[in-house]
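Each chain, written out:
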Amino acid sequence: MNFKRSYAIFLRQLYLLKRGSRLINIFYWPTLDLLTWGFITIYLTSVGTSGVNFLTLLLSAVLLWNFYTRAQLGFHMAFLEDVWVRNFINLFATPLTVAEYVTGLILTSVVAGILSMILPVLVAWLLFTYNIFQLGFMLIPFLAVLFIFGWTIALFAMAVMFRFGSSAESLTWALPFLFTPFSGVYYPISALPLWAQTISHVLPTSYVFEGMRQVIFSGSFDAVKLLYGFGFALAYFFLAYFVLIRVYKLVLRRGLFTRFSVD
């Protein structure tokens, strides 16, 4: 056994770590877990034995957050399939437009998101006697905001992939989870420090999970806050689409589309 050859393999991987997307696996995920569970601990400590039904709160949060991630991943995975099979040049050599392509991915995301949640909803009901439909009519606008914001993140991920190629794939996987600590998924926004609350107030997801807790506790919800969530979600969606179009035109002008046939 020649240790120099082993060292050469190690050195090659060390050089590859200089790419930002690879550093995500080392620094990003552990820090994200620490923030999320740290804020959960602060919240649980503050409420103590107040009689809050944590099972209902946590299962509601888990299921709604999974709707968001399924919406994003259903869109993103359909896009990545075309990246992996080197199909972009074939697609856009046809009269297909970006708007038509995005619309097709959105439809795919809706179907995949709904289907992927059937089993978790059923398991939550059978094993924990939890029914997510206890949220009532408010479940519809909650899911709408989560779907729209999920598509928004997927559009930004597409723009990043168009610009930097398939080497940026690790970064696009991390994008949807960047907002977890600031969305108040498992704890109220009030459990966050003031600087984090400022971020939460411009995230549509935070209005959904704050509204979820309000519905569970009081059976009602402030419609104005829901409108804020819709407004932010739609604004970010159109901003993401605008960025995607600009990047798409840049990629065409510089001839970078061919990377997807050879990367």
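For the structure, see preceding data.
Notes on the structure in this doc start here. What you see is a predicted model; the values in this text were computed from it and never measured.

### Here's the deal with the overall build of the chain
Summing up its helical and strand segments, the chain has eleven helices and zero strands in all. Written out in order from the N terminus, the α and β elements of the chain read α-α-α-α-α-α-α-α-α-α-α. Each of the 263 residues in the chain was classed as buried or not, and the buried ones make up 44%. Look at the contacts in the chain between residues 6 or more apart in sequence, and 78% of them connect residues 24 or more apart. A total accessible area of about 14000 Å² is found for the chain, and carbon and sulfur atoms account for 71% of it.

### Some thoughts on the pattern of salt bridges
Applying the stated criterion across every chain yields a total of one salt bridge. When the shortest N-O distance is used, the salt bridge between Arg213 and Glu210 registers 2.8 Å. Of this pair, Arg213 and Glu210 both sit in helix 9 (residues 204-218), separated by three residues, roughly a single helical turn. You can call Glu210 partly exposed: its relative accessible area is 29%.

### Points about the layout of surface pockets
Volume-wise, the largest pocket comes out at about 260 Å³. In terms of residues, the lining of the largest pocket owes the most to one element, helix 5 (residues 98-128), which gives five residues. Class assignment of the residues belonging to the lining of the largest pocket gives a composition of twelve nonpolar, no polar and no charged.

### Notes on the packing of aromatic side chains
In this structure the tally under the stated criterion is 13 aromatic pairs. Note on Tyr68 and Phe149: the rings are 5.9 Å apart at their centroids and 20° apart in plane angle, and the pair reads as stacked. In this pair, Tyr68 is assigned in helix 3 (residues 54-84) and Phe149 in helix 6 (residues 139-164), connecting sequence segments 81 residues apart. For the pair Tyr68 and Phe149, a shared accessibility class is recorded, and that class is buried. Centre to centre, the rings of Phe79 and Phe162 are 5.9 Å apart; their planes meet at 80°, and the pair counts as edge-to-face. Of the two residues, Phe79 sits in helix 3 while Phe162 sits in helix 6, which places them 83 residues apart along the sequence. For the pair Phe79 and Phe162, a shared accessibility class is recorded, and that class is buried. Three or more aromatic residues link up through ring pairs in this structure, and these residues are Trp65, Tyr68, Phe149, Phe179, Tyr207, Phe209, Tyr228, Phe232 and Tyr236.

### Re the environment of Gly38
With respect to the secondary-structure elements, Gly38 resides in helix 2 (residues 20-47). In sequence terms Gly38 and Pro181 are 143 residues apart; their C-alpha atoms lie 9.4 Å from each other.

### Remarks on the packing of helix 6 against helix 10 (residues 223-254)
For any two helices packed against each other, one specifies the crossing angle of their axes together with the interaxial distance. One way to put it is that helix 6 packs onto helix 10 with a least axis distance of 8 Å and a crossing angle of 20°. With respect to each other, helix 6 and helix 10 are oriented roughly parallel. Seen along the crossing, helix 6 lies across helix 10 with a hand that is left-handed. Its residues assigned to classes, the contact of helix 6 with helix 10 comprises 27 nonpolar, two polar and two charged.

### Examining helix 5
Here helix 5 spans 44 Å end to end across 31 residues, near enough to the 45 Å set by a 1.5 Å rise per residue. Where helix 5 bends most, at Ile118, the angle is about 30°, and the proline Pro120 comes one to four residues later. Where helix 5 is concerned, the buried positions are Val98, Tyr101, Val102, Leu105, Ile106, Ser109, Gly113, Met117, Val121 and Ala124. In the stretch just after helix 5, Thr129 is the one whose phi turns positive, near 45°.

### Remarks on a nonpolar patch on the surface
A contiguous nonpolar surface patch, about 800 Å² in accessible area, is contributed by Leu55, Leu119, Leu122, Val123, Trp125, Leu126, Leu127 and Phe128. Element by element, the count of residues in the nonpolar patch is highest for helix 5, at seven residues. Within the secondary structure layout, Trp125 lies in helix 5.

### Concerning the side chain of Ser109
Relative to the helices and strands, Ser109 resides in helix 5. Within the local environment of Ser109, its side chain forms a polar contact with the backbone oxygen of Ala71, the two atoms lying 2.6 Å apart. If near-sequence neighbours (up to four positions away) are discounted, Ser109 is found in contact with Arg70, Ala71, Gly74, Phe75, Phe147 and Trp151.

Rules used throughout
Residues numbered from 1 in each chain as written. Predicted model: local features only at pLDDT ≥ 70, side-chain atom pairs only at ≥ 80, totals over all residues. Heavy atoms only, no water. Helix = DSSP H or I, 4+ residues; strand = E, 2+ residues; numbered from the N terminus. Buried < 20%, exposed > 50% of the residue type's maximum accessible area, 1.4 Å probe, protein only. Contact = heavy atoms within 4.5 Å. Areas by Shrake-Rupley, 256 points an atom, 1.4 Å probe, with all protein chains shown as cover. Salt bridge = Lys/Arg side-chain N within 4 Å of Asp/Glu carboxyl O. 1 Å grid on protein atoms, 1.4 Å probe; cavity = no way out; pocket = protein on both sides within 12 Å on 5 of 7 lines; lining within 4 Å. Points joined across faces, edges and corners; volume = space filled by probe spheres on them. Nonpolar A, V, L, I, M, F, W, Y, C, P; charged D, E, K, R; others polar. Phe/Tyr/Trp six-rings, centres within 6.5 Å; stacked < 30°, edge-to-face > 60°. Axes fitted to C-alpha atoms, helices over the stretch in contact; angles between N-to-C directions. Parallel < 35°, antiparallel > 145°, perpendicular 65-115°, else oblique. Left-handed = near helix turned anticlockwise from the far one by under 90°. Expected span 1.5 Å × (residues − 1). Bend = angle between axes of the 7 residues up to and from the residue. Patch = residues over 30% accessible without salt bridge, like charges linked within 9 Å, V, L, I, M, F, W, Y side chains within 5 Å. Polar contact = N/O pair within 3.5 Å; in protein donor to acceptor, adjacent residues only side chain to side chain.

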